[in-house]
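Architecture at a glance
Here's the letter readout for the chains.
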Amino acid sequence: MVEYLLQEPYSFSGYFPGGISFLVAAFTSIFSVANPLATMPIFLSLTEKDNDTHRRWLAKKAAFYMFLVLTVFLFAGTYIMSFFGISLPGIRIAGGLIIMRAAFSMLNPEEPGRKISQEDEESAKIKEDISFSPLAMPLLSGPGSIAVVIGLATQAESVFDYLLTTVAIILVALISYMILRFAPWATRFIGKTGMNAMTRMMGFIALAIAVQFIINGIAQFFGMG
């Protein structure tokens, strides 16, 4: 089922009504690549000296900025790429490669590819407001998440598809807020082993999405889809 996640706008129509199927596909794609669970340890590290009220404020702002960034790229991403002369197949293939790189890092959580450098993480610890950088960008809405959103925009066939994708972004942002909000408790409850297992699972989904993006891009380039 996963391999058809982004092949057609209503690929789950045999199981759900078309609108719900597209929403499920969009939500799963964005959440898997954004992977807010992997942001929890960094969030806790950056806010280790903050009280609960300040952490909640940062989590709320980070989720809001995440929503803004992804929504902007949803509606303007393809036009920005077109301005630079990049075709839709090129966007899909490039997006697939970016997502694939992130997916391989998620499949090997013991040696993850860092979303921010060690220097950036250390400098962020002395910032009063880390909600936009580095939390919203690049941790929650980094290149992989942006690539997924732009890819979904290239797949959209109607305004309704854009609306459903926006709803999916809102849901991911809300869940990201809840994950960061309860990060201290969740980290103790899930543990490192559970975190690694869930990260691998989402990495597999992200890898399938990346491969499908590339297949769709190649098929469109050669006029096969």
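Rules behind the numbers
Position numbers for residues count from 1 along each chain, tracking the sequence in the order it is written. Only residues with pLDDT of at least 70 get local features here, since the model is predicted, and only at 80 or more are side-chain atom pairs given and counted; chain-wide, interface and lining totals rely on the full set of residues. Computation of side-chain values covers all heavy atoms of the structure but excludes hydrogens and water. For helices the rule is a DSSP run of H or I covering at least 4 residues; for strands it is a run of E covering at least 2, with both sets numbered from the N terminus onward. Under the scheme applied here, a residue whose accessible area is under 20% of the maximum for its type counts as buried, over 50% as exposed, and between as partly exposed, the area being computed with a 1.4 Å probe on protein chains only. Contact definition: two residues touch when any of their heavy atoms are within 4.5 Å. Axis definition: a line fit to C-alpha positions, over the contact stretch in the case of helices; interaxial angles, taken between N-to-C directions, run 0 to 180 degrees. Our angle categories are set so that under 35 degrees counts as roughly parallel, over 145 as roughly antiparallel, 65 to 115 as roughly perpendicular, and the remainder as oblique. Throughout, a crossing is termed right-handed when the near helix is turned clockwise from the far one, and left-handed when it is turned anticlockwise from it by less than a right angle. Throughout this entry, Asp, Glu, Lys and Arg are counted as charged residues, while Ala, Val, Leu, Ile, Met, Phe, Trp, Tyr, Cys and Pro are counted as nonpolar. The remaining residues, Gly among them, count as polar. For this analysis, a ring pair means two rings from Phe, Tyr or Trp (six-membered ring only for Trp) whose centres lie within 6.5 Å, classed as stacked if their planes differ by under 30 degrees, edge-to-face if by over 60, and tilted for the remaining angles. Whether a charge lies above a ring is judged from NZ of Lys or CZ of Arg, which has to be within 6 Å of the ring centre and within 35 degrees of the ring normal. Buried residues of nine kinds, namely Ala, Val, Leu, Ile, Met, Phe, Trp, Tyr and Cys, make up a nonpolar core once their side-chain atoms join them within 4.5 Å. What qualifies as a polar contact is a pair of N or O atoms within 3.5 Å, subject to a donor-acceptor requirement within protein and to the restriction that residues adjacent in sequence count only when both atoms come from side chains. A residue's pLDDT is the predictor's confidence in that residue, given on a scale from 0 to 100. Each patch is built from residues lacking any salt bridge and having more than 30% relative accessible area; the joining distance is 9 Å for like charges and 5 Å for nonpolar side chains (Val, Leu, Ile, Met, Phe, Trp, Tyr). For the area figures, the Shrake-Rupley method with a 1.4 Å probe applies, and any residue is considered shielded solely by the protein chains shown. Each reported salt bridge corresponds to a side-chain nitrogen of Lys or Arg within 4 Å of a carboxyl oxygen of Asp or Glu.

Looking at the side chain of Ser-176
Along the chain, Ser-176 falls in helix H8 (residues 159-181). Overall, the relative accessible area of 0% leaves Ser-176 in the buried class. Among all residues touching Ser-176, those that are not within four sequence positions of it are Pro-36, Met-66 and Leu-140.

A look at the packing of helix H2 (residues 36-46) against helix H9 (residues 183-221)
The angle between the axes and the distance between the axes are what describe a pair of packed helices. Where H2 contacts H9, the axes come no closer than 8 Å and their chain directions differ by 140°. In terms of orientation, H2 and H9 fall into the oblique class. Between H2 and H9 lies a crossing whose hand is left-handed. On H9, the residues touching Leu-37, Met-40, Pro-41, Phe-43 and Leu-44 of H2 are Ala-183, Pro-184, Ala-186, Thr-187, Met-195, Met-198 and Met-202. Grouping the constituent residues of the contact of H2 with H9 by class yields eleven nonpolar, one polar and no charged.

Considerations on the packing of aromatic side chains
Two aromatic rings are characterised by how far apart their centres lie and by the angle between their planes. Considering all chains together, one arrives at six aromatic pairs under this definition. Where Tyr-65 meets Phe-132, the ring centres are 5.3 Å apart and the plane angle is 90°; that geometry is what we call edge-to-face. One end of the pair, Tyr-65, is in helix H3 (residues 52-83); the other, Phe-132, is in helix H6 (residues 131-140), with 67 residues separating them in the sequence. Judged by relative accessible area, Tyr-65 falls into the partly exposed class, the value being 23%. Each ring, one from Phe-221 and one from Phe-222, has its centre 5.1 Å from the other, and the planes form 90°; the classification is edge-to-face. Residue Phe-221 is classed as exposed on the basis of its relative accessible area of 58%. The class of Phe-222 is exposed, set by a relative accessible area of 57%. Three or more aromatic residues joined by ring pairs form one cluster here, namely Phe-64, Tyr-65 and Phe-132. The ring of Phe-182 carries Arg-181 above its face, with NZ or CZ at 5.2 Å from the centroid.

Quick word on the nonpolar core
Grouped together as the largest cluster of nonpolar side chains are 53 residues, with contacts concentrated most on Ile-30, Met-40, Phe-43, Met-66, Leu-70 and Ile-99. Taken together, the elements giving at least two residues each to this core come down to helix H1 (18-34), H2, H3, helix H4 (88-107), H6, helix H7 (143-155), H8 and H9. Looking at this core, the element that brings in the most residues is H9, giving eleven residues. Excluding residues within four positions of it along the chain, Phe-43 makes contact with Arg-55, Leu-58, Ala-59, Leu-135, Leu-180 and Ala-183.

Brief notes about the environment of Phe-64
Considering the arrangement of structural elements, one finds Phe-64 in helix H3. Separated by 109 residues in sequence, Phe-64 and Ala-173 place their C-alpha atoms 6.9 Å apart.

Digging into the side chain of Ser-32
Tracing the chain through its elements places Ser-32 in helix H1. Of the polar contacts made by the side chain of Ser-32, one reaches the backbone oxygen of Thr-28; its length is 2.6 Å. In contact with Ser-32, not counting residues within four places along its chain, are Met-106, Met-202, Ile-205 and Ala-206.

Some details on the confidence of the model for the protein chain
Mean pLDDT over the protein chain stands at 83; residues scoring 70 or higher make up 84%. The least confident element of the protein chain, judged by mean pLDDT, is helix H5 (residues 118-124) at 66; the most confident is H8 at 95. Note that pLDDT drops below 50 for residues 1-16; the model gives that stretch 36 contacts with residues more than four away or on any other chain.

Some remarks on a nonpolar patch on the surface
A grouping of Phe-160, Leu-163, Val-167, Ile-170, Leu-171 and Leu-174 is seen on the molecular surface, where their side chains present a nonpolar patch of about 490 Å² in accessible area. Here Ile-170 lies in helix H8. We classify Ile-170 as partly exposed; its relative accessible area is 36%.

Re the pattern of salt bridges
Under the defined criterion, the tally for this structure stands at two salt bridges. Linking Asp-52 and Arg-56 is a salt bridge whose minimum nitrogen-to-oxygen distance equals 3.1 Å. Placement of the pair is Asp-52 and Arg-56 together in helix H3, with a separation of four residues, close to one helical turn. Assessed through its relative accessible area of 43%, Asp-52 is described here as partly exposed. Owing to a relative accessible area of 26%, Arg-56 belongs among the partly exposed residues under this scheme. For Arg-181, the salt bridge is made with Asp-52, and the minimal N-O distance between the two is 3.2 Å. Within this pair, whereas Arg-181 is found in helix H8, its partner Asp-52 is found in helix H3, the two being separated by 129 residues in sequence. Overlapping salt bridges bring together Asp-52, Arg-56 and Arg-181 as one network.

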